[in-house]
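Chains, contacts and geometry: an overview
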Amino acid sequence: MCELFGICSKEPLAINEYLKEFFEHSVRHPHGWGLACMEGKEALIEKEPVQASKSNYLKERLSMPVCEKNVFAHIRYATIGNVEFRNCHPYSVKDESGRRWTQIHNGTIFDFEPLARFSVMQSGDTDSERILLYLISEINREEKKKGGRLSGSERFLLLDSLIVQMAKGNKLNLLLFDGEYMYVHTNYAESLYCLEKQESTLFSTTPLTKEEWKPVVMNTLLGYRNGKLMFQGTRYGHTYVDSEENLKYLYQIFSNL
């Protein structure tokens, strides 16, 4: 299973020590790493299809201060998609109004038919990339229907309805940023935690320090802005639990990588 890290902050926060600890976990997640520093329409994304703790580039990168307001980091344990650059997270796409969306994902989509058509549009092979392309297509469709850009609350309501549908029967931990709001979701127990400090909220698959990390609210889409919780979506009932059938499916895919 991949690991996720994110920060949403009102002011730039120095996060080198968090990132160093996070990327050390790549011993168990050796199939690539990624880092995105995001602000408005801009997203500086750096990634490699190598184990983070063995990356000379990443070591040099983290020797310099990383002080940002919105950041994603990802270490990959490949389940769907080969170990190559195009399958490393984060993914980033602009919608038709020019808004940039950046996403990292941990989990597997076992069955969600609306994603199928994006398999011929994506640059890589992962279900994670298909999730982002699908969400953007729905944003574009709703904005065409409206005849203008969706407001923050309208974007959240749309994403909430889509996530509720997609989460059923699927493992769906994700962090998504649209240049203004950071969307956070988990439906798998003990797999995403948050830490509130200095007008910031940090997210991680596992607690990274001895500070007061708390489990993220499950089965509910959350929307943050400038480090604060702004929106809380529909509380639904389908927590993901590993099944023998799904584990066999993952084993068969992984054996072919």
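The structure this text deals with has already been given above.
Our subject in this report is the structure included herewith. (Residues numbered from 1 in each chain as written. Predicted model: local features only at pLDDT ≥ 70, side-chain atom pairs only at ≥ 80, totals over all residues. Heavy atoms only, no water.)

Comments concerning the packing of helix H3 (residues 127–146) against helix H4 (residues 152–167)
We apply this condition: Each axis is a line fitted through C-alpha atoms, taken for helices only over the stretch in contact, and angles between the N-to-C directions span 0 to 180 degrees. Counting from the N terminus, the helices are DSSP H or I runs at least four residues long and the strands are E runs at least two residues long. Working rule for angles: under 35 degrees goes down as roughly parallel, over 145 as roughly antiparallel, 65 to 115 as roughly perpendicular, anything else as oblique. For any pair of crossing helices, the crossing counts as left-handed if the nearer helix is rotated counterclockwise from the farther one by less than a right angle, and right-handed if it is rotated clockwise. It only takes one pair of heavy atoms within 4.5 Å for two residues to be counted as in contact. Note on residue categories: nonpolar means Ala, Val, Leu, Ile, Met, Phe, Trp, Tyr, Cys or Pro, charged means Asp, Glu, Lys or Arg, and polar means any other residue, Gly included.
Relative to each other, H3 and H4 sit at 135°, their axes nearing to 11 Å. Here H3 lies oblique to H4, going by the angle between them. Crossing geometry of H3 relative to H4 is assigned as right-handed. Where H3 abuts H4, its residues Ile 131, Tyr 134, Leu 135, Glu 138, Ile 139, Glu 142 and Lys 146 lie against Glu 154, Arg 155, Leu 158, Leu 159, Leu 162 and Met 166. Broken down by class, the residue content of the contact of H3 with H4 amounts to 8 nonpolar, no polar and 5 charged.

What about the sheet that holds strand E1 (residues 3–14)?
The test is simple: Should DSSP find at least two bridges between two strands, the strands are taken to pair.
Pairing in this open sheet of 7 strands is antiparallel, and the strands run E3-E2-E4-E1-E10-E9-E11 from one edge to the other. Two strands lie at the open edges of the sheet, namely strand E3 (42–48) and strand E11 (214–215), each paired on one side alone. Where E1 and strand E4 (residues 67–75) come together, 8 bridges link them in antiparallel fashion. By the bridge assignment for E4, Glu 3 is matched with Ile 75. Lying on the sheet, helix H1 (residues 16–24) is in contact with E1, strand E2 (33–39), E4, strand E9 (193–197) and strand E10 (200–204); it crosses E4 at an angle near 0°.

What to know about the pairing of E10
Defined as follows: Remark: exposure states derive from per-residue accessible area (1.4 Å probe, protein chains only) relative to the maximum for the residue type, with buried under 20%, exposed over 50%, and partly exposed in between.
With 5 of 5 residues buried, E10 lies mostly within the body of the structure. Alternating positions in E10 separate into two faces, Ser 200, Leu 202 and Ser 204 on one and Thr 201 and Phe 203 on the other, with burial throughout. In the sheet, E1 pairs with E10 via 5 bridges, with the strands oriented antiparallel. Residue Cys 8 lies in a different strand from E10, and its bridge partner there is Thr 201. Sheet topology places E9 next to E10; 5 bridges connect them, and they run antiparallel.

Comments concerning the pairing of strand E6 (residues 100–108)
Looking along a regular strand, one sees side chains alternate from face to face of the sheet. Extensive coverage of E6 is indicated by the burial of 8 of its 9 residues. Here strand E5 (residues 91–94) pairs with E6 via 4 bridges, running antiparallel. The residue bridging Ser 92 from the neighbouring strand is Thr 102, located in E6. Linking E5 back to E6 in an antiparallel pair, the connection comprises 5 residues, with Gly 98 at a positive phi of about 95°. Pairing of E6 with strand E7 (residues 171–177), which is carried by 7 bridges, proceeds in the antiparallel orientation.

Remarks on H3
This is how it is decided: Here a helix's expected span is defined as the number of its residues, less one, multiplied by 1.5 Å.
With 20 residues, H3 should reach 28 Å at 1.5 Å per residue; the first-to-last C-alpha distance of 29 Å fits that figure. With 16 of its 20 residues buried, H3 lies for the most part within the structure.

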